[in-house]
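In case you want the letters, here they are:
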Amino acid sequence: MNKNLLEIALNNIIGNAFKFSDYQDVHCILRVNKQEIKIAIRDFGVGINQNDSEHIYEPFYTSSSNVNLKGNGMGLYMAHKIISLAKGELSFTSEDKGTTFFVRF
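Structural notes, computed from the coordinates. Computed from a predicted model, the values in this text were never measured in an experiment.

Reading the values: the criteria
Residues numbered from 1 in each chain as written. Predicted model: local features only at pLDDT ≥ 70, side-chain atom pairs only at ≥ 80, totals over all residues. Heavy atoms only, no water. Pairing = 2+ DSSP bridges. Helix = DSSP H or I, 4+ residues; strand = E, 2+ residues; numbered from the N terminus. Axes fitted to C-alpha atoms, helices over the stretch in contact; angles between N-to-C directions. Contact = heavy atoms within 4.5 Å. Buried < 20%, exposed > 50% of the residue type's maximum accessible area, 1.4 Å probe, protein only. Polar contact = N/O pair within 3.5 Å; in protein donor to acceptor, adjacent residues only side chain to side chain.

## Remarks on the sheet that holds strand 4 (residues 98-104)
- Taking strand neighbours across the sheet as the criterion, the 4 strands line up as 1-2-4-3 in an open arrangement whose pairing is antiparallel. Strands at the two margins of the open sheet, each flanked by one partner only, are strand 1 (27-32) and strand 3 (89-95). Direction aside, neighbouring strands of the sheet carry axes that sit 15° apart on average.
- Set on the sheet, helix 1 (residues 3-19) makes contact with strand 1, strand 2 (37-42), strand 3 and strand 4; between it and strand 2 the angle comes to about 25°.
- Strand contacts of helix 2 (residues 75-85): strand 3 and strand 4, with the helix running at about 140° to strand 3, the strand carrying the most contacts.

Structure representation (structure tokens):
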């Protein structure tokens, strides 16, 4: 795995977590064992609308209706591509009170 690319991917996910939770606390958990590495990034923000969930890894897609939270729609797309190219998995769960992204290698 390219260290710089991994840093870009994680920064995009963590940056979104802060942005979409109005800069509340974001919890990051790293678990490592002989078989795998797991990273969980949890925010306590507005969550991801179920209608948007199938599109969030598409380039230039942004789900935010809030003008102050608009991005360019490339952060999660790039994170997903980088993690996939490194033979990892990126997934998430979301509720009304937050979203958790899971990175697994």
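## Points about the environment of M74
- Along the chain, M74 turns up in the loop between strand 2 and helix 2.
- We classify M74 as buried; its relative accessible area is 18%.
- Placed 18 residues apart in sequence, M74 and I56 show a C-alpha to C-alpha distance of 9.4 Å.
- Excluding residues within four positions of it along the chain, M74 makes contact with P59 and F60.

## Some remarks on the environment of Q24
- Tracing the chain through its elements places Q24 in the loop between helix 1 and strand 1.
- Among the residues examined, Q24 registers a relative accessible area of 39% and is labelled partly exposed.
- Considered as a pair, Q24 and D43 are 19 residues apart in the sequence and their alpha carbons are 7.6 Å apart.
- Among all residues touching Q24, those that are not within four sequence positions of it are F18 and F44.
- Reaching out from Q24, the side chain makes a polar contact with the backbone oxygen of F44 at a distance of 3.5 Å.

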